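# Architecture at a glance
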Amino acid sequence: MAQEGLGFHFDLSAGIIPVDSQTGAMTGKRVSLKNAGGVSIVVFKAVGTANDDPVLTLKQYTASSSGTTANLAIIDHYYLKDAALLAGTETWSKVTQAAAATITDPGGAGTSAEHQQILVIPVRAVQLSDGFKYVGLDIADTGSAGAQLISCLYILHELAIQRTPANLAAALS
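Below is a summary of the structure that appears in this document. (Residues numbered from 1 in each chain as written. Predicted model: local features only at pLDDT ≥ 70, side-chain atom pairs only at ≥ 80, totals over all residues. Heavy atoms only, no water.)

Looking only at helices and strands, one finds 0 helices and 11 strands in the chain. Over its C-alpha atoms the chain spans a radius of gyration of 16 Å, differing by no more than 12% from the 16 Å that the globule rule assigns to 173 residues. Reported as C-alpha extents along the three principal axes, the dimensions of the chain are approximately 45 × 40 × 30 Å. By the burial criterion, 42% of the 173 residues in the chain qualify as buried. Of the contacts made within the chain by residues no fewer than 6 positions apart, 81% connect residues no fewer than 24 positions apart. (Helix = DSSP H or I, 4+ residues; strand = E, 2+ residues; numbered from the N terminus. Rg over C-alpha atoms; globule rule 2.2 N^0.38 Å. Buried < 20%, exposed > 50% of the residue type's maximum accessible area, 1.4 Å probe, protein only. Contact = heavy atoms within 4.5 Å.)

Our focus in this paragraph is the environment of asparagine 35. As for its position among the elements, asparagine 35 is in the loop between strand 2 (31-32) and strand 3 (36-45). Taking the C-alpha atoms as reference, asparagine 35 lies 8.8 Å from alanine 169; in sequence the two are 134 residues apart.

Ordered in space as 1-11-3-9-6-7, the 6 strands form an open sheet in which the pairing is antiparallel. Whereas interior strands pair on both sides, the edge strands pair on one side only; in this sheet they are strand 1 (10-20) and strand 7 (93-100). Between one strand axis and the next, the sheet turns by 20° as a mean value, whatever way the strands run. (Pairing = 2+ DSSP bridges. Axes fitted to C-alpha atoms, helices over the stretch in contact; angles between N-to-C directions.)

A few words now on the environment of glutamate 158. Counting through the fold element by element, glutamate 158 comes out in strand 11 (residues 149-159). Considered as a pair, glutamate 158 and lysine 34 are 124 residues apart in the sequence and their alpha carbons are 11 Å apart. Sequence-distant contacts of glutamate 158, defined by excluding residues within four places in its chain, comprise His9, Asn35, Ala36, Gly37 and Gly38. Of note is the side chain of glutamate 158, whose polar atom sits 3.2 Å from the side chain of histidine 157. (Polar contact = N/O pair within 3.5 Å; in protein donor to acceptor, adjacent residues only side chain to side chain.)

Written out as structure tokens, the structure reads:
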């Protein structure tokens with residue numbers, strides 16, 4: 001019998017539980033890359049109000065809590081599905097930028113706030129600075145013009161140890 005994807009090919013962890021992004025800046029939870037070759041950070045965003053475009057910042061950490069924090073300026077591309085209303089018919093666009101720790105106005109059209117979006121930021125464990133083993137994604141407060149729901153999910157992949165889902169190590173370990 002073939003193994004299922006969860007535990008064999010990937011693991012999942014919460015980054016930011018769905019929240020109204022105008023309630024304040026959101027600090028993403030941390031996830032460990034000690035047992036994975038990389039993580040795909042998935043951001044799912046609902047429609048918001050014009051000019052309340054999200055700003056995403058990729059961070060790296062030396063510990064699961066506390067420790068040293070630094071911006072991880074490696075985002076030179078990300079993948080985006082963008083529409084006024086996502087219907088499942090969209091295709092991925094590869095968006096490129098100069099390597100940075102931030103993405104401002106995903107898609108760069110000045111209309112990211114007014115659209116539903118799925119955004120994927122690929123991060124490889126070898127891209128972290130020496131001594132850093134954890135990553136997280138922060139999202140700035142988008143403003144106060146209207147509600148804009150947003151969430152973030154970490155998909156760990158290239159697992160060093162493959163197990164049944166119930167026997168996987170915690171993603172923060």
